[in-house]
Amino acid sequence: MTAQDPVIARAPSARRTALRPWLVPTLFVAGWVALYSQLQSAIDALMRHLPITADTPLYGAVSFFAFEVPKVLMLLALIVFVVGVVQTFFTPEKTRALLAGRRQGVGNALAACLGIVTPFCSCSAVPLFIGFLTAGVPLGVTFSFLVAAPMVNEVALALLLGMFGWKIALVYLVLGLTVAFVSGLAIGRMNALKLVEPWVFDIPAAAQASSAMDWSSRFAQGWRHVREIVLKVAPYIVAGVGVGAWIHGYVPQDFMAHLMGKGNWWSVPLAVLIGVPMYSNAAGIIPVVQALLGKGAALGTTLAFMMAVTALSFPEFMILKKVMKPRLILMFAGVVTAGIVFVGYAFNLLM
């Protein structure tokens with residue numbers, strides 16, 4: 001019996017060691033919930049002490065800004081931490097391995113879904129594009145991923161869920177994946193591989209790196225994700241909320257309903273044309289979307305505007321010009337634009 005005592009003594013110690021990495025994340029989530037639940041009350045108390053007359057445009061704009069900035073930043077911090085941990089299970093190498101050799105259709109659907117949870121931004125468009133093609137991923141499947149990753153990413157979905165509810169988040173998810181799937185399928189059937197710069201295929205395929213991570217390493221990646229992304233995205237959020245606050249406080253509801261309402265056939269194409277030159281991520285544009293919807297803009301038109309901002313940015317096209325010929329970029333932009341416009345019209349008709 002005494003010979004087993006050291007083993008028995010080590011068992012609780014091993015459990016404590018296994019649970020230790022969870023302590024800080026658990027405290028973080030508990031503190032986040034406590035602060036978030038009191039945010040509205042705190043902002044209401046702040047607004048009562050400001051020398052601004054209630055029921056004025058300035059009061060509406062300031063209250064919108066004061067509430068939405070911390071709200072969006074708090075949502076983003078929590079989302080980015082969770083996603084940073086999740087992404088340790090979905091590295092770009094594993095994504096390439098999953099998509100390599102997939103045929104059209106199945107591959108497009110899988111690529112669009114993987115775009116939700118895989119790290120991606122415009123600056124990584126070129127290495128991902130090269131890595132996918134050299135690993136044997138078909139061109140159309142690669143484009144499904146390139147469309148889905150910035151447009152239907154986890155940050156956009158989580159912020160939509162937190163700010164608008166599950167119905168709008170689900171609609172955006174389904175529509176975004178549909179655009180990514182159809183766009184990749186269309187480009188894949190155009191036999192456009194000859195429009196990729198030849199030097200791309202001279203690069204050897206990268207070997208897949210595999211390393212087991214414990215929970216301490218996964219949580220560390222989550223914190224690193226928060227530091228890198230939240231600090232990078234914060235200026236966009238502040239700017240986006242500022243625009244949304246101005247719309248919320250000063251733009252007449254009748255004007256926005258006329259410009260982006262259901263009754264105008266040109267509202268969806270106009271929203272897409274306005275969105276393309278804008279360079280923002282989902283976190284920065286969602287506060288603007290919230291203000292537009294509050295002023296009477298149609299949901300389909302507004303979602304088309306958001307999709308255009310996130311999936312059809314000029315900076316990304318300039319980066320992709322390094323690996324694609326201009327004709328392929330125009331085909332990519334044209335197919336995605338047609339899909340977004342169709343989604344906007346269809347949703348305005350159904351809702």
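Everything that follows concerns the structure shown earlier in this document.
Described below are features of the structure shown in this document.

Criteria and cut-off values
Residue indices begin from 1 for each chain and proceed along its sequence in written order. The predicted origin of the model limits local features to residues at a pLDDT of at least 70 and limits the giving and counting of side-chain atom pairs to 80 or more, whereas totals for whole chains, interfaces and linings rest on all residues. No hydrogens and no water enter the side-chain calculation; it runs on all heavy atoms of the structure. Every axis corresponds to a line fitted to the C-alpha atoms, with the helix fit spanning only the stretch in contact, and the corresponding angles, defined between N-to-C directions, vary from 0 to 180 degrees. Numbering goes from the N terminus for both helices and strands, where a helix is a DSSP run of H or I of at least four residues and a strand is a run of E of at least two. Each crossing gets its handedness from the near helix: less than a right angle anticlockwise from the far helix is left-handed, clockwise is right-handed. Residue contacts are defined here by distance: any two heavy atoms, one from each residue, within 4.5 Å place the two residues in contact. In this classification, the charged set is Asp, Glu, Lys and Arg, the nonpolar set is Ala, Val, Leu, Ile, Met, Phe, Trp, Tyr, Cys and Pro, and all remaining amino acids, among them Gly, are polar. Think of it in three bands: residues with accessible area under 20% of the maximum for their type are buried, residues over 50% are exposed, and the middle band is partly exposed, with areas taken using a 1.4 Å probe on protein chains only. In this description, one arc is meant: the one made by directions from the helix axis to the C-beta atoms.

Considering the packing of helix 3 (residues 39–48) against helix 4 (residues 57–86)
- Contact geometry of helix 3 with helix 4 gives a least axis separation of 10 Å together with a crossing angle of 145 degrees. Classified by chirality, the crossing of helix 4 by helix 3 is right-handed. Between helix 3 and helix 4, the residues in contact are Leu39, Gln40, Ile43 and Met47 and Tyr59, Val62, Ser63, Ala66, Phe67, Pro70 and Lys71, respectively.
- By residue class, the composition of the contact of helix 3 with helix 4 is eight nonpolar, two polar and one charged.

Structural notes on the environment of Val288
- Tracing the chain through its elements places Val288 in helix 14 (residues 282–294).
- Using a relative accessible area of 8% as the deciding quantity, one classes Val288 as buried.
- The sequence separation of Val288 and Ile237 amounts to 51 residues, and the corresponding C-alpha distance is 9.6 Å.
- Not counting chain neighbours up to four residues away, the residues in contact with Val288 comprise Gly240, Val243, Gly244, Ile247 and Phe305.

Re helix 3
- Taken residue by residue, helix 3 has Leu39, Ile43 and Met47 as its buried positions. Considered in projection along helix 3, the buried side chains sweep an arc of 65 degrees and stay on one side of the axis.
- Each element contacted by the buried residues of helix 3 is listed here: helix 2 (23–37) and helix 4.

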